[in-house]
Amino acid sequence: MLKVKNVGKAYRDFVALENINLEVADEEFLAIMGPSGSGKSTLINILGLLDQKYSGEYLLNDENYKKTNDNLLSQIRGDKLGFVFQNFKLLTTYSVYENIEVPLIYSKKKQKNKKELIEDVIKKVGLSGKEKNLPSELSGGQQQRVAIARAIVNHPKLIIADEPTGALDTKTSSEIMDIFTKLNQDGTTIIMVTHDEEVAQYAMRTVYIRDGHLYNDEKSVKKNV
Ligand code: ADP
Ligand code: ADP
């Protein structure tokens with residue numbers, strides 16, 4: 001699915017990522033853990049094609065998008081990736097249905113059966129009957145379900161989730177992780193940032209970031225930091 005080779009990133013003179021190497025296979029479920037400020041957001045912004053200003057090489061499905069223009073990039077993001085955030089980032093004046101419709105409006109793929117696609121993902125995340133509700137009328141867990149439905153309505157091969165359970169209680173978190181697990185079993189590759197060891201257990205593999213360096217296990221973090 002993706003390959004990161006010797007990637008580095010600096011903000012002015014501050015080095016946020018250094019010599020990052022990572023491969024993620026199709027249909028993998030990867031957790032990225034690390035303390036606040038360690039470089040997790042910086043890394044997933046690169047993986048999600050939100051940041052093109054880095055050194056080294058990043059290939060998504062064998063393609064290098066470093067020189068792709070912004071318009072084309074947002075299209076590629078819309079079609080290939082689904083994003084899920086800690087704070088859901090839903091449109092507050094849009095209904096559940098309308099929030100989920102947004103990626104289809106911007107998609108280059110011509111979707112004939114839009115309504116069916118939307119109803120299908122609403123069912124998948126367990127929100128049938130809530131189509132007309134506003135986000136403010138839903139619980140945090142339900143709002144995250146809407147965000148997940150929005151992320152998958154285009155059937156992307158890759159989902160990038162930044163602390164998707166960070167704002168949720170333990171029981172709701174495990175319900176949300178069950179949805180991610182099901183999506184992964186159905187063939188979607190998932191990359192998830194989390195602070196929570198229990199949440200990371202749902203992934204097949206965990207990598208750790210400390211001070212802009214990536215480690216494959218806790219032992220090598222402790223040895224090197
Ligand atoms: P995390 O997601 O692990 O909390 P970030 O990737 O957000 O970490 O940040 C890594 C480091 O880079 C932090 O020290 C942060 O302060 C710094 N940083 C992040 N974004 C910027 C920016 N736009 N300008 C300068 N420094 C930044
Ligand atoms: P999180 O850790 O939840 O990802 P942060 O507080 O690290 O959030 O960052 C929030 C935003 O602020 C990000 O867009 C990041 O790039 C930016 N940022 C973080 N640290 C700095 C910094 N030192 N200078 C400028 N921008 C920063």
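Structure's up top.
Values in this document were obtained by computation on a predicted structure and should not be read as measured data. Within any chain, residue numbers begin from 1 and follow the written order of that chain's sequence. Each chain is given a letter, starting from A, and each ligand a number, starting from 1, according to the order in which they appear as written. Restriction of local features to residues with pLDDT of at least 70 applies here, the model being predicted, together with a cutoff of 80 or more for giving and counting side-chain atom pairs; totals for whole chains, interfaces and linings are based on all residues. Note that the side-chain values use all heavy atoms of the structure and ignore hydrogens as well as water.

A. Expanded view of the packing of helix α3 (residues 96-106) against helix α5 (residues 140-152). To obtain each axis, a line is fitted to C-alpha atoms, and for helices this fit is confined to the stretch in contact; angles are then taken between N-to-C directions over 0 to 180 degrees. A helix here means a DSSP run of H or I that spans at least four residues, while a strand means a run of E at least two residues long, and both kinds are numbered starting from the N terminus. Between α3 and α5, the least distance of the axes is 7 Å, while the angle of their chain directions is 30°. One finds that α3 runs roughly parallel with respect to α5. When the axes of α3 and α5 are compared, the crossing they make is right-handed. Residue-level inspection shows Val96, Asn99, Ile100 and Pro103 of α3 in contact with α5, the latter providing Val146, Ala149 and Arg150. Put simply, Ala, Val, Leu, Ile, Met, Phe, Trp, Tyr, Cys and Pro go in the nonpolar bin, Asp, Glu, Lys and Arg in the charged bin, and everything else, Gly too, in the polar bin. Residues of the contact of α3 with α5, tallied by class, amount to five nonpolar, one polar and one charged. In these notes the angle categories are as follows: under 35 degrees is roughly parallel, over 145 is roughly antiparallel, 65 to 115 is roughly perpendicular, and the rest is oblique. Handedness of each helix crossing follows the sense of rotation of the near helix against the far helix: counterclockwise by less than a right angle gives left-handed, clockwise gives right-handed. Whether two residues are in contact is decided by their heavy atoms: any pair within 4.5 Å suffices.

B. Quick look at the pairing of strand β8 (residues 205-210). Here, strands pair whenever DSSP counts at least two bridges between them. When strand β3 (residues 29-33) meets β8, the two strands line up parallel, connected through four bridges. From the neighbouring strand, methionine 33 faces β8, where its bridge partner is tyrosine 208. In this sheet, strand β9 (residues 213-215) lies alongside β8 in antiparallel orientation, the contact comprising three bridges. Each bridged residue has a counterpart across the sheet, and for isoleucine 209 the counterpart in β9 is leucine 214. As consecutive antiparallel partners, β8 and β9 are separated by two residues, and within that stretch aspartate 211 has a phi angle of approximately 45°, a positive value.

C. Quick look at the side chain of threonine 189. Relative to the helices and strands, threonine 189 resides in strand β7 (residues 189-193). When neighbours within four sequence positions are excluded, threonine 189 is seen to be in contact with Met1, Val24, Ala25, Asp26, Glu27, Glu28, Lys157, Leu158 and Ile159.

D. A look at the site of ligand 1. Being near a molecule or strand, for a residue, means having at least one of its heavy atoms within 4 Å of it. Near ligand 1 you find Tyr11, Phe14, Ala16, Pro35, Ser36, Gly37, Ser38, Gly39, Lys40, Ser41 and Thr42, and these make up its full shell. Contacts described as polar in this section are N or O atom pairs within 3.5 Å, which, within protein, must combine one atom able to donate a hydrogen with one able to accept it, while residues neighboring in sequence count only if both atoms come from side chains. Here an oxygen atom of ligand 1 and a backbone polar atom of glycine 39 are 3.0 Å apart. One nitrogen or oxygen atom from the side chain of threonine 42 is found 2.5 Å from an oxygen atom belonging to ligand 1. In these tables, accessible area is a Shrake-Rupley quantity obtained with a 1.4 Å probe, and a residue counts as shielded only by the protein chains included in the view. For ligand 1, the protein covers 58% of the area, taking 560 Å² as the surface of the free molecule.

E. Geometry of the packing of aromatic side chains. Each Phe, Tyr or Trp ring (for Trp, its six-membered ring) is paired with any other whose centre lies within 6.5 Å, and the angle between the two planes then decides the class: stacked below 30 degrees, edge-to-face above 60, tilted in between. With the rule as written, the count across this model stands at one aromatic pair. Aromatic pair phenylalanine 83 and phenylalanine 85: ring centres 6.1 Å apart, planes at 10°, arrangement stacked. When the ring centre of phenylalanine 85 is taken as origin, the NZ or CZ atom of lysine 89, which lies over that ring, is 4.3 Å away. Geometrically, a lysine NZ or arginine CZ counts as sitting over a ring once it is within 6 Å of the ring centre and also within 35 degrees of the ring normal.

F. Quick peek at the nonpolar core. In this structure, Ile100, Ile148, Phe180 and Met192 are the most contacted members of the largest nonpolar core, which totals 40 residues. At the level of secondary structure, the elements contributing two or more residues to this core comprise β3, α3, α4 (114-124), α5, β6 (158-162), α6 (170-185), β7 and α7 (197-200). Tallying contributions element by element places α5 first for this core, with six residues. The contact partners of isoleucine 148, leaving out residues within four places of it in the chain, are Val84, Val125, Ile176, Ile179, Phe180 and Leu183. Take the buried residues of types Ala, Val, Leu, Ile, Met, Phe, Trp, Tyr and Cys, join any two whose side-chain atoms come within 4.5 Å, and each joined set is a nonpolar core. Categorising residues by exposure relies on relative accessible area from a 1.4 Å probe, with only protein chains included: less than 20% of the type maximum marks a residue as buried, more than 50% marks it as exposed, and the intermediate range marks it as partly exposed. Counting residues in each nonpolar core, the second largest holds 30 residues, with Met1, Phe83, Leu158 and Ile160 among its members.

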